[in-house]
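# Structural characterization, general
Single-letter residue listing:
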Amino acid sequence: ILPVITLNGIITYNIIEGPVDGEQFMCFLREHVLPFTNPYPGTHSMIIMDNCCIHHSEAIHTLIE
């Protein structure tokens, strides 16, 4: 389960069978996360991820910026 968790709870999630690879994570960000984000300092304007290796690709950075 890939959830998007805020201070108010989970706002979206995706259930993926098996391990999540970089392409699946990128798709999750594009389709499930970014529609809820806003420019800083608006609501949901920050994305915080742990240091899992698929979180740190150049493509992820470009997509989020």
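Numbering of residues starts from 1 in each chain and follows the order in which that chain's sequence is written. The predicted nature of this model means local features are confined to residues of pLDDT at least 70 and side-chain atom pairs, given and counted, to a pLDDT of 80 or more, with totals for whole chains, interfaces and linings taken over all residues. Processing note: side-chain calculations cover all non-hydrogen atoms of the structure and skip hydrogens and water entirely.

Naming follows an unreviewed UniProt entry, where the protein chain appears as Tc1-like transposase DDE domain-containing protein of Pisolithus microcarpus 441.

### Considerations on the side chain of Thr 6
We count a stretch as a helix when DSSP gives it H or I for four or more residues in a row; a strand needs E for two or more, and each element gets its number in order from the N terminus. Here Thr 6 shows up in strand β1 (residues 2-6). Under the rule applied, a polar contact is a pair of N or O atoms within 3.5 Å (in protein, one hydrogen donor and one hydrogen acceptor; residues adjacent in sequence only if both atoms are side-chain atoms). At a separation of 3.0 Å, a polar atom in the side chain of Thr 6 contacts the main-chain amide nitrogen of Asn 8.

### Some thoughts on the environment of Ser 57
Along the chain, Ser 57 falls in the loop between α1 (22-33) and α2 (58-64). For each residue, the accessible area found with a 1.4 Å probe, counting protein chains only, is set against the maximum for its type, and the residue is called buried under 20%, exposed over 50%, and partly exposed in between. Owing to a relative accessible area of 29%, Ser 57 belongs among the partly exposed residues under this scheme. Along the sequence, Ser 57 and Gly 22 sit 35 residues apart, while their C-alpha atoms lie 8.2 Å from each other.

### Structural notes on the packing of aromatic side chains
Centre distance within 6.5 Å is the pairing criterion for rings of Phe, Tyr and Trp, where only the six-membered ring of Trp is used; planes under 30 degrees apart are then read as stacked, over 60 as edge-to-face, and the remainder as tilted. The full count for this structure, using the stated rule, is 1 aromatic pair. Centroid distance Phe 25 to Phe 28: 6.5 Å. Interplanar angle 35 degrees. Geometry classified as tilted. A residue pair is termed a helical-turn pair when its members lie 3 or 4 positions apart in one helix, as Phe 25 and Phe 28 do in helix α1 at 3 residues. Just as Phe 25 is buried, Phe 28 falls in that class too.

### Regarding unusual backbone geometry
The omega torsion across Tyr 40 and Pro 41 is 10 degrees, close enough to zero to call that bond cis. When you line up the elements, Pro 41 lands in the loop between α1 and α2. Even without glycine at this site, His 44 takes up a positive phi of about 55 degrees. As for its placement among the helices and strands, His 44 is situated in the loop between α1 and α2.

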